Amino acid sequence: MLDRIQFLLGEGFLSLRRNGWMTFAAISTVAVALFLIGGLAYLHGLMKSYAGQMTGVIDIRAIVIDGTQTSELSRIAKDIRSISGVKAAFLIPKDKAWRKFLDENPEHKQYAELENPYPDSFKITLTDLKVAENVASEVASVKGVSGKDIKYLKEVSNFLAQAQSIVSWLGFAVGGLLFITAGILIYNAIRLTVISRRLEIRIMQLVGASFLTVRVPFYIEGIVQGLIGGGVAVFI
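Worth saying up front: this structure is predicted, and the values here are computed from it rather than measured.

The rules behind each value
- Residues numbered from 1 in each chain as written.
- Predicted model: local features only at pLDDT ≥ 70, side-chain atom pairs only at ≥ 80, totals over all residues.
- Heavy atoms only, no water.
- 1 Å grid on protein atoms, 1.4 Å probe; cavity = no way out; pocket = protein on both sides within 12 Å on 5 of 7 lines; lining within 4 Å.
- Points joined across faces, edges and corners; volume = space filled by probe spheres on them.
- Helix = DSSP H or I, 4+ residues; strand = E, 2+ residues; numbered from the N terminus.
- Nonpolar A, V, L, I, M, F, W, Y, C, P; charged D, E, K, R; others polar.
- Pairing = 2+ DSSP bridges.
- Axes fitted to C-alpha atoms, helices over the stretch in contact; angles between N-to-C directions.

> What is the right way to read empty space enclosed by the protein from this model?
Sizing a probe to match a water molecule and rolling it over the atoms shows the empty space that remains. Here the structure, examined in full by the defined rule, presents one cavity of 30 Å³ or more. Size it by volume and the largest cavity reaches roughly 40 Å³. Of all the secondary-structure elements, those providing two or more residues to the lining of the largest cavity are helix 1 (2-18), helix 7 (198-206) and helix 8 (211-235). Looking at the lining of the largest cavity, the element that brings in the most residues is helix 8, giving three residues. The class makeup of the residues in the lining of the largest cavity is four nonpolar, one polar and three charged.

> Got a minute to help me understand the sheet that holds strand 1 (residues 60-63) in this structure?
By way of backbone hydrogen bonds, the strands of a sheet pair with one another, either parallel or antiparallel. Taken in spatial order, the three strands of this open sheet run 1-3-2, and their pairing is antiparallel. Whereas interior strands pair on both sides, the edge strands pair on one side only; in this sheet they are strand 1 and strand 2 (86-92). Ignoring strand direction, the axes of neighbouring strands in this sheet form an average angle of 25°. One ladder, built from four bridges, connects strand 1 with strand 3 (residues 121-126); its direction is antiparallel. Counterpart to Ala-62 in the pairing with strand 3 is Phe-122.

> Help me out: how do you make sense of the layout of surface pockets in this one?
The calculated volume of the largest pocket comes to roughly 380 Å³. For the largest pocket, the lining is made up of 15 residues, of which Arg-61, Ile-92, Ala-97, Tyr-118 and Ser-121 are closest to its centre. Of all the secondary-structure elements, those providing two or more residues to the lining of the largest pocket are strand 1, strand 2, helix 4 (94-104) and strand 3. If you tally residues by element for the lining of the largest pocket, the top one is helix 4, at five residues. Of the residues assigned to the lining of the largest pocket, the class counts are eight nonpolar, one polar and six charged.

Here it is in structure tokens:
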């Protein structure tokens, strides 16, 4: 049994050296095909990651109705966070907003003693840009929130949401087509290898070689070629 295993392994690796150009062609085909698929997948991942980062950049600002009691703010925050599509909601107290304005605009320091014109507000981040419009309408209906003062970049949000959908569908479509193309290329490379050695296969069959004795060396070659081709693609 061990002798047979040793023979099959030896035949597989010997064939790799004996048919150098066909081995090179098969490895090159595998490497190029996997590199294209992997490169597209990596690019698609980067684009989705960038689009995901933009979800945190585009936020909704909800203004609290003037005169709302401090005790009501926690209830408003809870109601907003319970809305589907809301990732987080942070209270921006009016005193903090006023100080931030004065710090960022030192030329207006002389107005520091005036009455604070800023209202309390909430900064709301989303789980997905596609739900921005629905979230904005639901936030507007929360008791204690000024429905007419819901602010967000609607046009930019809609554009980015559409861009996310296009990137996803384009990635799947092109990736699927490339996957099929890679499969055909690899299949043809292996088939050419078998055809180029049909005389060798025929001789083995004539001398009584079993089904596995004929095929296992080819399986070993395919595994080695696939591993080397995949390694080259990862390295590139």
